[in-house]
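Okay, here's what each chain looks like letter by letter:
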Amino acid sequence: MNNDHEIITSDSDEETAPRTRRGTLYLLQDVPVAPEDLHEALNLKYQEEHNFTIQEVGIGSVRGLLYTGVIGGGRPPEWIDAIHRLTAVRPSVENRTAAGVLLVPIEGKVFAITYGMGHLLLNPSHVTPGFGFGFALRTLNPDAVRQVTHSMMDARGRTDRNSAAQDQHIRAFAIEEYGEVVSRLAGKIGEISLTLNKGRKQSVQIAGTDALKIHLGSAPKELLSDLAEINRIATKESPAPAFDVIARVRPLKSDDSRRVELDRRLDGLLGDPSLGSIALTAPTVCLDEADSATSHWVKIGPRRESVHDLDLDHVLTKTQSLREGRRLTALAKGHIQLCRDEAGQEVASAKIPAHKWLAAEVALGTSRFFYHEGRWYEVGDRHLESIREQVRELLAASAGSSLINWTAALKDEEAYNKAAAAAGGFVCMDRKLIFTEQHPRGFESCDLFGVENELIHVKRAASTAPLNHLFAQGRVSADALRLDSSARHKFLKKVREKDPGHPVKDDFMPKKVIYAISLKSGKPLTVENLFTFAQVSLLQATSALRNVGIDVAVVNIPTLSP
């Protein structure tokens with residue numbers, strides 16, 4: 001989250017003072033606007049431990065607060081000892097990091113402009129979530145997007161960052177239409193009334209997450225005008241229509257009454273993860289630092305400890321010892337902080353509240369919610385109906401293959417696959433793993449291989465989790481057989497060993513994947529009976545497979561009671 005410092009000068013007079021300066025802007029929440037109360041937004045640790053200075057200042061007609069200082073003065077870096085052990089030389093160097101933040105009240109709101117490592121000086125609980133992202137949705141030119149960061153809404157904790165060297169339309173980025181949350185946008189803005197647009201022919205780039213990276217006026221009058229306009233845009237204008245796919249999966253508001261019950265459910269997951277889906281994932285705000293971090297400071301409860309390889313189990317060992325109702329609160333009060341060195345002396349991020357490292361799925365009534373970076377998201381009604389309509393089309397389409405019913409005599413998937421193969425003339429490939437360099441632990445090509453070369457994947461499901469695995473299995477298998485000649489060779493060998501008369505040819509390529517599903521409840525496979533996030537996973541798999549020319553179909557396997 002280090003700030004850039006590119007300067008924009010007036011086109012009419014290069015000799016004058018810079019008109020704007022690129023910086024990082026935050027909107028603060030729950031902070032009084034009176035200058036004497038603004039310190040509530042600050043992390044006062046740096047005043048206490050590093051002698052930082054807090055002073056009331058004037059920005060034109062507005063009274064604000066300036067917090068500045070130097071972190072780490074006089075302390076040698078952690079790697080000095082390593083150099084000394086290798087060379088017997090101890091270099092005379094030290095870490096010194098300047099940081100500053102300027103708090104500016106405007107029209108009942110408080111903005112923070114950070115300098116250097118100034119983001120460390122803010123109390124994270126007072127940072128308004130998604131402010132910069134919301135501004136980007138309202139001002140970016142959809143044809144001039146440069147970077148998108150997005151996360152899967154399935155509790156796997158996967159986050160992708162896609163970048164382009166030149167302007168691209170938002171459609172050019174690999175954003176799943178279903179089941180993803182976009183948390184960061186970067187690109188060029190359209191025409192808005194800010195100082196950065198005055199007298200310039202070329203568009204300027206911004207980036208939005210919780211923070212907004214943007215050029216702001218360098219003079220007091222221009223800065224105040226910019227902040228007022230940014231506040232107006234963020235609160236009164238709607239996102240551009242081209243960003244509808246991104247904007248329709250949005251967080252619940254702070255006063256939404258459902259959050260109380262959702263928090264209670266998440267607290268339960270922290271005590272017993274088997275009750276649902278939960279994962280640990282690095283927040284977007286520190287993704288840049290996460291790649292280079294070698295240790296973490298973790299504080300959950302009264303003690304802080306250094307952890308090298310942080311995973312969900314480490315967090316759960318802390319929360320499972322706490323009483324029900326106190327686990328999520330303990331994470332919110334605790335923190336996780338990235339460090340560049342193993343000793344934890346060189347911090348690389350702010351102290352991010354530990355609950356912002358969680359990803360989880362929770363069902364509440366007929367709605368499905370996703371917890372990501374400390375916020376609850378709901379799949380919107382229009383979005384949900386779009387998902388259901390696509391799934392209805394998949395379920396209604398003919399698969400071209402029929403399978404036997406799942407009777408009480410067939411105790412498990414192995415028994416079913418053998419019976420289905422015998423009855424339908426399929427090759428049973430269940431549990432026949434294929435080992436390759438790319439898949440040293442092996443992958444299952446399919447459960448049943450059809451006479452028309454269909455790859456059929458079978459699952460009996462009582463929850464979303466096994467279906468997620470089923471859909472992922474179909475993608476992995478198809479990709480391996482499509483891209484790896486060694487995998488295809490081994491697959492053909494296994495097919496011919498099982499059925500020497502099968503008509504599959506040497507130039508086989510996967511052309512059709514069939515997902516065959518039986519619900520343990522005995523209900524038919526319909527949109528109403530298929531879990532919401534199973535539908536999302538199905539559409540993700542279908543989209544990925546169809547994009548490479550592989551047809552996808554879904555078969556309902558009726559469950560017959562004894």
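Just above sits the structure.
The written sequence of each chain sets the order in which its residues are numbered from 1. Under the rules for a predicted model, residues below a pLDDT of 70 receive no local features and side-chain atom pairs below 80 are neither given nor counted, while totals for whole chains, interfaces and linings still include all residues. Excluded from the side-chain calculation are hydrogens and water; included are all heavy atoms of the structure.

A. Focus on the pairing of strand β16 (residues 335-339). The classification of residues rests on relative accessible area computed with a 1.4 Å probe and restricted to protein chains. Under 20% of the type maximum is buried, over 50% is exposed, and intermediate values are partly exposed. Helix and strand definitions here come from DSSP, where helices need a minimum of 4 consecutive H or I residues and strands a minimum of 2 consecutive E residues; each element is numbered from the N-terminal end. In terms of residue burial, β16 counts as a mostly covered element, since five of its five residues are buried. Burial of the side chains of β16 extends over both faces: His335, Gln337 and Cys339 are buried on one face and Ile336 and Leu338 on the other. Between any two strands, at least two bridges found by DSSP are needed for them to pair. With five bridges connecting them, strand β14 (residues 295-299) and β16 associate as antiparallel partners. Its bridge partner lying in β16, Trp297 is registered against Gln337. Looking at chain direction, β16 and strand β17 (residues 352-353) are connected through two bridges and run antiparallel. Looking at the pairing, Ile336 lines up with Ile352 of β17.

B. Local environment of the environment of Arg90. In this structure, Arg90 sits in the loop between α2 (80-87) and β5 (95-106). We classify Arg90 as partly exposed; its relative accessible area is 45%. As for Arg90 and Trp79, which are separated by eleven residues in sequence, their C-alpha atoms are 10.0 Å apart. Setting aside chain neighbours within four positions, we find Arg90 in contact with Ile80, Asp81 and His84. Here His84 takes part through its side chain, which lies 3.4 Å from a polar atom of the side chain of Arg90. Residues count as neighbours in contact if any of their non-hydrogen atoms are within 4.5 Å of one another. Definition of a polar contact: a pair of N or O atoms within 3.5 Å, with one able to donate and the other able to accept a hydrogen when the atoms are protein atoms, and with sequence-neighbouring residues admitted only if both atoms are side-chain atoms.

C. A look at the environment of Leu394. Along the polypeptide, Leu394 turns up in helix α10 (residues 381-396). Counting along the chain gives 160 residues from Leu394 to Val554, while the straight-line C-alpha distance between them is 6.4 Å. When sequence neighbours within four positions are dropped, the list of residues in contact with Leu394 reads Leu538, Leu539, Thr542, Arg546, Val552 and Val554.

D. Representation of a nonpolar patch on the surface. Residues with no salt bridge and a relative accessible area higher than 30% make up the patches, which join like charges within 9 Å and nonpolar side chains (Val, Leu, Ile, Met, Phe, Trp, Tyr) within 5 Å. Every accessible area reported is derived by Shrake-Rupley at a probe size of 1.4 Å, with residue values counting cover from the shown protein chains alone. Salt bridge, as used here: a side-chain nitrogen of Lys or Arg that lies within 4 Å of a carboxyl oxygen of Asp or Glu. Residues Trp79, Ile83 and Val93 make up a contiguous nonpolar surface patch of about 240 Å² in total accessible area. Summarising the element assignment, Ile83 is placed in helix α2. Using a relative accessible area of 31% as the deciding quantity, one classes Ile83 as partly exposed.

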